[in-house]
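So you can see what is in the structure, the chains are spelled out below.
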Amino acid sequence: MDLLLHHYYRSSSSWRVRWALEEKGLAYRAVAVNLLASEQRSDDYGAVSPTAFVPALSIDGRTFTESVAIIELLEELVPTPPLRPADLLARARMRQLVEIVNAGTQPLQNLSILTRISPDRSAQAEWARAMIERGLAAFSRALGPTGGAYCLGDDVSMADLFLVPQLYNARRFEVALAPFGRLLEIEAACLARDACQRAAPDAWQP
Ligand SMILES: N[C@@H](CCC(=O)N[C@@H](CS)C(=O)NCC(=O)O)C(=O)O
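Residues numbered from 1 in each chain as written. Predicted model: local features only at pLDDT ≥ 70, side-chain atom pairs only at ≥ 80, totals over all residues. Heavy atoms only, no water.

Peer 1: Please explain the pairing of strand β4 (residues 62-65) as it appears in this structure.
Peer 2: Consecutive side chains along a regular strand alternate between the two faces of the sheet. Examined bridge by bridge, strand β3 (residues 56-59) and β4 share four bridges and lie antiparallel to one another. Following the sheet pairing, leucine 57 is matched in β4 by phenylalanine 64. The loop that links β3 with its antiparallel partner β4 comprises two residues; one of these, aspartate 60, has a positive phi angle of about 50 degrees. (Pairing = 2+ DSSP bridges. Helix = DSSP H or I, 4+ residues; strand = E, 2+ residues; numbered from the N terminus.)

Shown next, in the form of structure tokens:
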């Protein structure tokens with residue numbers, strides 16, 4: 001399988017996909033799209049992605065965007081190790097957690113939204129902080145009391161792949177994380193994984 005990833009090192013959605021690729025031990029080529037230089041809105045990248053967002057993953061020449069769709073496709077193409085629980089109710093809980101980040105948190109603090117909220121950087125940051133705090137609180141409530149190192153027990157899952165990059169964004173926007181102790185424990189367990197570290201922004205910083 002020939003895999004080509006368009007991504008940005010600091011993009012949380014890109015980290016999700018890099019991490020899935022690493023967990024599955026898949027080799028891939030990567031092309032950096034510099035969001036701060038607005039490369040996502042270039043004609044060249046417009047030919048890759050219909051949304052002008054990263055990530056985009058090309059699999060044998062066919063390109064897919066949206067990290068949920070990409071990771072679910074990888075899961076179907078390469079089922080082991082699994083990133084979704086087999087139990088259907090646990091899988092639904094996982095999707096709920098994924099969407100709290102994917103639909104309910106990250107889009108509201110995305111660069112293209114922040115610049116429309118206000119031209120003022122501190123007003124943008126204040127908005128982003130409020131949205132992230134709200135999202136993490138919802139994630140914590142949805143998680144409930146869990147056993148095991150990860151969101152859904154002893155096995156890493158897509159829920160973790162969405163949580164940890166969102167916590168990274170939370171720090172960038174100086175969200176107070178003390179109320180989210182359980183999430184920080186899960187994050188520490190995830191960051192101890194080689195696959196997570198290989199996918200992390202630090203490993204890709206130009
Ligand atoms: N739901 C999309 C979100 C993609 C997204 O928002 N990507 C951000 C970086 S994390 C982006 O490209 N932002 C560029 C912009 O806002 O112009 C996914 O999961 O792939």
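Peer 1: Explanation requested: the side chain of aspartate 160 in the structure shown.
Peer 2: If you trace the backbone, aspartate 160 turns up in helix α7 (residues 158-172). There is no salt bridge for the buried aspartate 160, and the closest opposite charge comes from arginine 182, which lies 7.6 Å off by N-O distance. If sequence neighbours within four positions are ignored, aspartate 160 has contacts with Trp19, Tyr150, Cys151, Asp155, Pro165, Ile186 and Cys190. (Buried < 20%, exposed > 50% of the residue type's maximum accessible area, 1.4 Å probe, protein only. Lys, Arg positive; Asp, Glu negative; His and termini not counted. Salt bridge = Lys/Arg side-chain N within 4 Å of Asp/Glu carboxyl O. Contact = heavy atoms within 4.5 Å.)

Peer 1: When you look at the layout of surface pockets in this model, what are you seeing that I'm missing?
Peer 2: Over the atoms rolls a probe the size of a water molecule, and its path tells where empty space is left. Taken as a whole, the largest pocket encloses approximately 880 Å³ of empty space. Forming the boundary of the largest pocket are 36 residues, of which Leu35, Gln106, Gln109, Asn110 and Leu111 lie nearest the centre. Among the secondary structure elements, those contributing two or more residues to the lining of the largest pocket are α1 (12-23), α5 (111-117), α6 (121-143) and α7. Here the lining of the largest pocket gets five residues from one element, more than from any other, and that element is α5. Of the residues belonging to the lining of the largest pocket, the class tally is 13 nonpolar, 15 polar and eight charged. Two domains share the lining of the largest pocket, each providing at least three of its residues, namely domain 1 (3-81) and domain 2 (88-195). For the second largest pocket, the calculated volume is near 200 Å³. The wall of the second largest pocket is formed by 13 residues, among which Pro82, Leu83, Asp155, Val156 and Ser157 lie closest to the centre. Within the lining of the second largest pocket, the residues separate by chemical class into seven nonpolar, one polar and five charged. (1 Å grid on protein atoms, 1.4 Å probe; cavity = no way out; pocket = protein on both sides within 12 Å on 5 of 7 lines; lining within 4 Å. Points joined across faces, edges and corners; volume = space filled by probe spheres on them. Nonpolar A, V, L, I, M, F, W, Y, C, P; charged D, E, K, R; others polar. Domains from an automatic or database assignment.)

Peer 1: What should I look at first to understand the nonpolar core in this one?
Peer 2: Nonpolar side chains tend to gather and get buried jointly when the protein is soluble and globular. Ranked by size, the top nonpolar core spans 53 residues in total, and within it Trp19, Leu21, Leu136 and Phe139 carry the most contacts. Ranked by residues supplied to this core, first place goes to α7 with eight residues. Counting the residues that make up this core, at least three belong to each of domain 1 (3-81) and domain 2 (88-195). With near-sequence residues (within four places) excluded, leucine 136 lies in contact with Leu163, Gln166, Leu167, Ala170, Leu177, Phe180 and Leu183. In this structure, Tyr8, Val33, Leu35 and Tyr45 belong to the second largest nonpolar core, which totals seven residues. (Core = buried A, V, L, I, M, F, W, Y, C linked by side-chain atoms within 4.5 Å.)

Peer 1: Explain the packing of α1 against α7 here, please?
Peer 2: The geometry of a pair of packed helices is captured by two quantities: the angle between their axes and the separation between those axes. Their axes nearest at 9 Å, the elements α1 and α7 cross at an angle of 140 degrees. Note that α1 runs across α7; the crossing there is right-handed. Contacts from Ser12, Trp15, Arg16, Trp19 and Ala20 of α1 reach α7 at Asp160, Leu161, Phe162, Val164, Pro165, Tyr168 and Asn169. Considering only residue class, the contact of α1 with α7 consists of eight nonpolar, two polar and two charged. (Axes fitted to C-alpha atoms, helices over the stretch in contact; angles between N-to-C directions. Left-handed = near helix turned anticlockwise from the far one by under 90°.)

Peer 1: Help me understand the domain arrangement of the protein, please; the structure alone is not making it clear to me.
Peer 2: In many analyses, interface size is given as the accessible surface area lost on bringing the parts together. Its domain assignment divides the protein into domain 1 (3-81) and domain 2 (88-195). On a C-alpha basis, the centres of domain 1 and domain 2 stand 20 Å from each other. Each partner contributes residues to the interface: domain 1 has 16 residues there, and domain 2 has 23 residues. It is Trp15, Arg16 and Trp19 in domain 1 that bury the most area against domain 2; as a group they hold 37% of the surface buried on that side. Applying the counting rule to domain 1 against domain 2 returns two salt bridges. Between glutamate 23 and arginine 193 there is a salt bridge, with the nearest N and O atoms lying 2.8 Å from each other. Elements represented by at least two residues in the side of domain 1 that touches domain 2 include exactly α1 and α3 (67-77). With eight residues, the single largest contributor to the side of domain 1 that touches domain 2 is α1. (Buried area = accessible area lost by both parts, 1.4 Å probe.)

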